[in-house]
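Descriptive structure summary
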Amino acid sequence: MISTLVWGTGNVGRAAIRAVAAHPALKLTGVLVHNPDKVGRDAGELAGLDTELGVAATNDIAAALASGTQAVVYAASGDIRPDDALADILQAIRAGAVVVTPALYALYDQRNAPAEMREPVLKAIAEGGGSLFVSGIDPGWGNDALPLLLSGLGHTVDVVRCQEIFDYATYDQPDSVRYLVGMGQPMDYDPPMLMASVPTMVWGGQIRLIARGLGVEVEEIREVVHRRALETTISTDLMGDFEAGTQGAVRFEVQGIIDGRPRIVIEHVTRIHASCATDWPMPPSGAGAHRVIIEGRPNIEVTIQATDEDGNHSAGGNATAVARLVHAIDWLATAEPGLYDALDIPLRPGTLGRNQP
């Protein structure tokens, strides 16, 4: 079995612990935490399981990596600490580990990643013999593997559209919701996630991945952003009140321009409450969904809703994205050391017949 460390125990890390513990080819042997209050606690407790896994959390990075770790699920955030996340991941690769993570947006499409990020990773791989696979948490499979799979079910493809439709009231990340995305902020506030070029930085790699899979070249990437204000003050259980007149919904597109028009589009429709921007796409039920639309002949539309942690759609989306990463570990462990992307890694089946933690 492959000795596997989960680094981080937030929304993504909890799902990663459960996924690793359930995988027949992997053995959870370590959990790294930053919060000193979590040190010494059992991984099962941190993952929200009703059973202990016999692995105590630690904040000793060097010791955890030196303990025979063969694989690392890096689940710590890279949103506001990309340099720190890269340094952590390089340390794990130099230790010889296979690393999977959603934290480094620029490496979704590793072939076209900036040299200042790609070259240190390749150097670490050469030094330590590890590997790296980066795929998104929004989820990555919804913006690469699934649209490419569906594109092969028709005989002509005109437009590929990938949508995330989500109610942030259920997303337990107040700083990201209020400040990165701008929910509850005045309409003249400039959310960092929506600043010019940032959507392209985050999702442009997935546009290029889809294009590469389809065998076409992207001429340019464009961004289109729309925002709506709340008409009334609303209250949420997780994040408190959001005042009338402040930002209540965001809709943006990252458009891959081919033949002079948008033909590969990644779109996010995000609300803090279902009453805001009701004329925009809505999930079929619940708080969120991921949808792929293939405009062509025939037209194909697939909507996926995932729930986890007592029916939470945010946790369900995290769990599916994490599963894509975790299921890649045993394939990566037998492959040559290297830097991989979603087109390199085959879709891996799940497991049946094993008692799940």
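Look above for the structure.
No experiment lies behind these values; they were computed from the predicted model shown. (Residues numbered from 1 in each chain as written. Predicted model: local features only at pLDDT ≥ 70, side-chain atom pairs only at ≥ 80, totals over all residues. Heavy atoms only, no water.)

A few words on the overall build of the protein. What the protein contains, in helices and strands, is 10 helices and 14 strands. Relative to the compact-globule value of 21 Å for 357 residues, the protein shows a C-alpha radius of gyration of 20 Å, a close match. Its C-alpha atoms give the protein principal-axis dimensions of about 55 × 45 × 40 Å. Taking all 357 residues of the protein together, 52% fall into the buried category. The long-range fraction of contacts in the protein, counting pairs at least 24 apart against all pairs at least 6 apart in sequence, stands at 68%. Between the centroid of the 26 positive side chains of the protein and the centroid of its 44 negative side chains there is a distance of 5 Å. (Helix = DSSP H or I, 4+ residues; strand = E, 2+ residues; numbered from the N terminus. Rg over C-alpha atoms; globule rule 2.2 N^0.38 Å. Buried < 20%, exposed > 50% of the residue type's maximum accessible area, 1.4 Å probe, protein only. Contact = heavy atoms within 4.5 Å. Lys, Arg positive; Asp, Glu negative; His and termini not counted. Charge placed at Lys NZ, Arg CZ, Asp CG, Glu CD.)

What follows is about the packing of aromatic side chains. This model, assessed by the stated rule, comprises 5 aromatic pairs. Seen from their ring centres, tyrosine 105 and tyrosine 108 are 5.9 Å apart, and the 75° between their planes marks the pair as edge-to-face. Taking the relative accessible area as the measure of exposure, tyrosine 108 reaches 3% and is therefore buried. Each ring, one from tryptophan 331 and one from tyrosine 340, has its centre 5.6 Å from the other, and the planes form 85°; the classification is edge-to-face. A relative accessible area of 22% means that tryptophan 331 is categorised as partly exposed. One residue, arginine 178, lies across the ring of phenylalanine 242, its end atom 3.9 Å from the ring centre. (Phe/Tyr/Trp six-rings, centres within 6.5 Å; stacked < 30°, edge-to-face > 60°. Lys NZ or Arg CZ within 6 Å of the ring centre and 35° of its normal.)

Right, let's talk about the sheet that holds strand β7 (residues 220-229) for a bit. The sheet built from 6 strands is open, its strands ordered β7-β10-β11-β6-β12-β13 with mixed pairing. Taken across any chain shown, the strands that pair with only one partner, and hence form the sheet edges, are β7 and β13 (300-304). The sheet shows a mean angle of 15° between the axes of neighbouring strands, taken without regard to direction. The pairing of strand β10 (residues 247-258) with strand β11 (residues 261-271) spans 10 bridges and is classified as antiparallel. Residue pairing for β11: valine 250 is matched across the bridge by threonine 270. Most of the contacts of helix α8 (residues 198-214) go to β11, to which it runs at about 135°, and overall it touches β6 (156-167), β7, β10 and β11. (Pairing = 2+ DSSP bridges. Axes fitted to C-alpha atoms, helices over the stretch in contact; angles between N-to-C directions.)

Turning next to helix α1 (residues 11-22). Compared with the 16 Å implied by 1.5 Å per residue over 12 residues, the 17 Å span of α1 between its first and last C-alpha is a close match. The set of residues buried in α1 consists of Asn11, Val12, Gly13, Ala15, Ala16, Ile17, Arg18, Ala19, Val20, Ala21 and Ala22. (Expected span 1.5 Å × (residues − 1).)

Take the sheet that holds strand β2 (residues 26-32) next. One open sheet holds the 6 strands; their spatial order is β2-β1-β3-β4-β5-β14, and the pairing between them is parallel. Every interior strand has two partners, whereas the edge strands, β2 and β14 (339-340), have only one. Note: strand β3 (residues 71-74) against strand β4 (residues 98-101), 3 bridges, orientation parallel. From the neighbouring strand, valine 72 faces β4, where its bridge partner is valine 99. Docked against the sheet, helix α4 (residues 82-94) engages β1 (2-7), β3, β4 and β5 (131-134), running at close to 170° with respect to β3.

Locating isoleucine 137 in the fold gives a position in the loop between β5 and α6 (145-151). C-alpha separation for the pair isoleucine 137 and glutamate 116, spaced 21 residues apart in sequence, amounts to 23 Å.

Take the environment of threonine 9 next. Structurally, threonine 9 can be placed in the loop between β1 and α1. Remark: the alpha-carbon pair of threonine 9 and proline 298, spanning 289 residues in sequence, is separated by 43 Å. The contacts of threonine 9, once residues within four sequence positions are left out, are Arg14, Ile17, Val31, Leu32, Val33, Lys38 and Leu46. A distance of 2.9 Å separates polar atoms of two side chains, one belonging to threonine 9 and the other to lysine 38. (Polar contact = N/O pair within 3.5 Å; in protein donor to acceptor, adjacent residues only side chain to side chain.)

With respect to the helices and strands, the residue leucine 53 is situated in the loop between α2 (43-46) and α3 (61-65). In the structure, leucine 53 is positioned 38 residues away from glutamine 91 in sequence and 26 Å away in space, judged by C-alpha atoms.

Glycine aside, negative phi is the norm for most residues, and most peptide bonds take the trans geometry. Look at the link from aspartate 138 to proline 139: it is a cis peptide, with omega at -15°. Tracing the backbone shows proline 139 in the loop between β5 and α6. Proline 298 follows arginine 297 through a cis peptide bond whose omega is 0°. Following the sequence through the fold, proline 298 ends up in the loop between β12 (288-297) and β13. Here the phi dihedral of alanine 277 falls at roughly 55°; this positive angle occurs in a residue that is not glycine.

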